[in-house]
Amino acid sequence: MNYQGSCHCGNVKFEAEGEIASALSCNCSMCQRKGMLMWFVSRSAMRVLTPEENAGAYLFNKHAIKHRFCLTCGIHPYSEGTTPAGEPMAAINIRCIDGIDLQAIPVNHFDGRSIR
């Protein structure tokens, strides 16, 4: 299935191909504050539809994940990083995907706060 989404103002838009079987909620200092529900896909399955410079990037802790956010409205629609095997991946905030029923998607919880 092909999904489309964006930040609040539409300045950062994306599309992603795949099936959303579940989402991940992490309690690390960043994800907890954002309220992000993540759907992980290969980076090649996600395409940014707006200019790259519309999205800022925030790196913290090990600087392994680019937390992308709209420079206009501040919403975080996705993050970029690599899998443990080193493959490029995207963590898409399903709260930013158009037309899905969030209540129908099972959410798994991850204790990111305890990882150092």
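No experiment lies behind these values; they were computed from the predicted model shown. (Residues numbered from 1 in each chain as written. Predicted model: local features only at pLDDT ≥ 70, side-chain atom pairs only at ≥ 80, totals over all residues. Heavy atoms only, no water.)

Chemist: Please provide a residue-by-residue account of the UniProt feature "domain: CENP-V/GFA" (unreviewed entry) in the chain, values included.
Modeler: This chain's UniProt record puts "domain: CENP-V/GFA" (unreviewed entry) on residues 3-111. End C-alpha to end C-alpha, residues 3-111 measures 28 Å, and it is 6% helix and 41% strand. (UniProt positions renumbered as here; feature names shortened; annotations may be inferred. Helix = DSSP H or I, 4+ residues; strand = E, 2+ residues; numbered from the N terminus.)

Chemist: A description of the nonpolar core should follow, citing residues and the corresponding values.
Modeler: The nonpolar side chains of a soluble globular protein tend to be buried, and buried together. Of all hydrophobic cores here, the largest spans 20 residues; its most connected members are Ile20, Trp39, Met46, Ile92, Ile94 and Ile97. Mapped onto this core, the elements with two or more residues apiece are β2 (13-17), β4 (38-42) and β9 (88-93). Apart from the residues lying within four places of it in its own chain, the contact partners of isoleucine 20 are Tyr3, Trp39, Ile94, Ile97, Ile100 and Ile105. Cys26, Met30, Met36 and Ala91 belong to the second-largest nonpolar core, a separate cluster that totals 7 residues. (Core = buried A, V, L, I, M, F, W, Y, C linked by side-chain atoms within 4.5 Å. Buried < 20%, exposed > 50% of the residue type's maximum accessible area, 1.4 Å probe, protein only. Contact = heavy atoms within 4.5 Å.)

Chemist: Which residues make up the packing of aromatic side chains, and what values do they have?
Modeler: Tallying each qualifying case throughout the model produces 3 aromatic pairs. Note on tyrosine 3 and tryptophan 39: the rings are 5.4 Å apart at their centroids and 80 degrees apart in plane angle, and the pair reads as edge-to-face. Here the residue tyrosine 3 occupies a position in strand β1 (residues 2-6), and tryptophan 39 occupies one in strand β4, the gap between them amounting to 36 residues. Residue tyrosine 3 is classed as buried on the basis of its relative accessible area, which comes to 11%. The exposure class assigned to tryptophan 39 is buried, which follows from its relative accessible area of 4%. When the centroid spacing of 5.9 Å and the interplanar angle of 15 degrees are considered together, the rings of tyrosine 58 and phenylalanine 60 count as stacked. (Phe/Tyr/Trp six-rings, centres within 6.5 Å; stacked < 30°, edge-to-face > 60°.)

Chemist: For the pattern of salt bridges, give the residues involved together with the corresponding values.
Modeler: Scanning the entire structure with this criterion turns up 4 salt bridges. Note that arginine 68 and glutamate 52 form a salt bridge whose closest N and O atoms lie 2.9 Å from each other. Here glutamate 52 lies in the loop between β5 (46-48) and β6 (55-58) and arginine 68 lies in strand β7 (residues 66-70), a separation of 16 residues in the sequence. The residue glutamate 80 makes a salt bridge to arginine 68 at a minimum N-O spacing of 3.0 Å. Placement of the pair is glutamate 80 in strand β8 (residues 78-82) and arginine 68 in strand β7, with a sequence separation of 12 residues. One network of salt bridges, in which partners are shared, links Arg43, Glu52, Arg68 and Glu80. (Salt bridge = Lys/Arg side-chain N within 4 Å of Asp/Glu carboxyl O.)

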